[in-house]
Amino acid sequence: GENYMIMKKILITICIFLMVNNVHSQNSNEEIESFLRDFYISYNNAHIKCRDEIRDGIDGAFKTLMNTLDSLHQTYCTKHLINKMFDNGYDEGYDILMWMSSDNIETIKSMSITQDSSQKNMYHISYNAEYYYDPTIKKYMEVKFRVVVIEEDGVFKIDDVFDYQF
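Let's shift gears to the packing of aromatic side chains. With the rule as written, the count across this model stands at 8 aromatic pairs. Between the aromatic rings of Phe-39 and Tyr-76, the centroid separation amounts to 5.1 Å while the plane-to-plane angle is 50°, which identifies the pairing as tilted. Of the two residues, Phe-39 sits in helix α1 (residues 2–55) while Tyr-76 sits in helix α2 (residues 61–76), which places them 37 residues apart along the sequence. Centroid distance Tyr-40 to Phe-145: 6.1 Å. Interplanar angle 65°. Geometry classified as edge-to-face. Pair noted here: Tyr-40 is in helix α1 and Phe-145 is in strand β3 (residues 139–152), with a separation of 105 residues, a long-range link.

One finds Leu-36, Tyr-40, Tyr-43, Leu-97 and Val-147 to be the most contacted residues of the largest nonpolar core, which totals 35 residues. Within the residue set of this core, elements represented by two or more residues are α1, α2, α3 (79–87), β2 (122–131), β3 and β4 (155–165). It is α1 that provides the largest number of residues to this core, a total of 8 residues. If we ignore the near neighbours within four places in the chain, the residues touching Tyr-40 are Leu-97, Met-98, Ile-108, Met-111, Ile-125, Phe-145 and Val-147.

Structurally, Lys-157 is set in strand β4. Lacking a salt bridge, the buried Lys-157 has Glu-152 as its closest oppositely charged neighbour, with an N-O distance of 4.4 Å. Polar contacts involving the side chain of Lys-157 include one to the main-chain carbonyl oxygen of Gln-74, which spans 2.8 Å. A distance of 3.4 Å separates the side chain of Lys-157 from the backbone oxygen of Thr-75, its partner in a polar contact. Sequence-distant contacts of Lys-157, defined by excluding residues within four places in its chain, comprise Phe-35, Gln-74, Thr-75, Tyr-76, Cys-77, Thr-78, Val-148, Val-149, Ile-150 and Glu-152.

Analysis parameters
- Every residue gets a number counted from 1 within its own chain, in the order that chain's sequence is written.
- Selection of residues for local features in this predicted model requires a pLDDT of at least 70, selection of side-chain atom pairs for listing and counting requires 80 or more, and totals for whole chains, interfaces and linings are taken over all residues.
- Water and hydrogen atoms were dropped before computing side-chain values, which therefore reflect all heavy atoms in the structure.
- The aromatic pairing rule takes the rings of Phe, Tyr and Trp, using the six-membered ring of Trp, and pairs them if the centres are within 6.5 Å, calling planes under 30 degrees apart stacked, those over 60 edge-to-face and the rest tilted.
- Under the DSSP-based scheme used, a helix requires at least four consecutive residues in state H or I and a strand at least two consecutive residues in state E, with every element numbered from the N terminus.
- In these notes, a set of buried Ala, Val, Leu, Ile, Met, Phe, Trp, Tyr and Cys residues joined through side-chain atoms within 4.5 Å is what counts as a nonpolar core.
- Using a 1.4 Å probe on the protein chains alone, a residue whose accessible area is under 20% of its type maximum counts as buried, one over 50% counts as exposed, and one in between counts as partly exposed.
- Here, two residues are considered to be in contact whenever any of their heavy atoms come within 4.5 Å of each other.
- We treat Lys and Arg as the positive residues and Asp and Glu as the negative residues; His and chain ends play no part in the count.
- Every case where a carboxyl oxygen of Asp or Glu lies within 4 Å of a side-chain nitrogen of Lys or Arg is listed as a salt bridge.
- Under the rule applied, a polar contact is a pair of N or O atoms within 3.5 Å (in protein, one hydrogen donor and one hydrogen acceptor; residues adjacent in sequence only if both atoms are side-chain atoms).

Dropping the structure here:
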């Protein structure tokens, strides 16, 4: 009788702990997906704004873009990732965070963000990128890559980007 009651209490405690833990991990997964979506929407919108300002002949459009992107990098990325970006030619126009087609609203509309099944802090991102061989024909191709998100001083940050496929 008494041993049975103790075992029952222990099992109930374990079940409650597992349920609370599972809800917490679902919440943080949704928070991270939302964090990544917010980042890529802001990143994409900055490029769209620059494209439109250049088209409209507004002076300083590119400088404004670079300042906006720098601010986004500081907010959303670790120093490790920012260093990796520059090591991979960011200052020469090669952006490992977006790869291509970052000035198109279709990019964000088509974006998919899913958590990796084996690594909790890794996320798969894919989107349809617009490309042109012939300027009269719009074509799209799927771009896929992975990002690692960590928590730094209580704030989510993108720490790595890799495995581009298209």
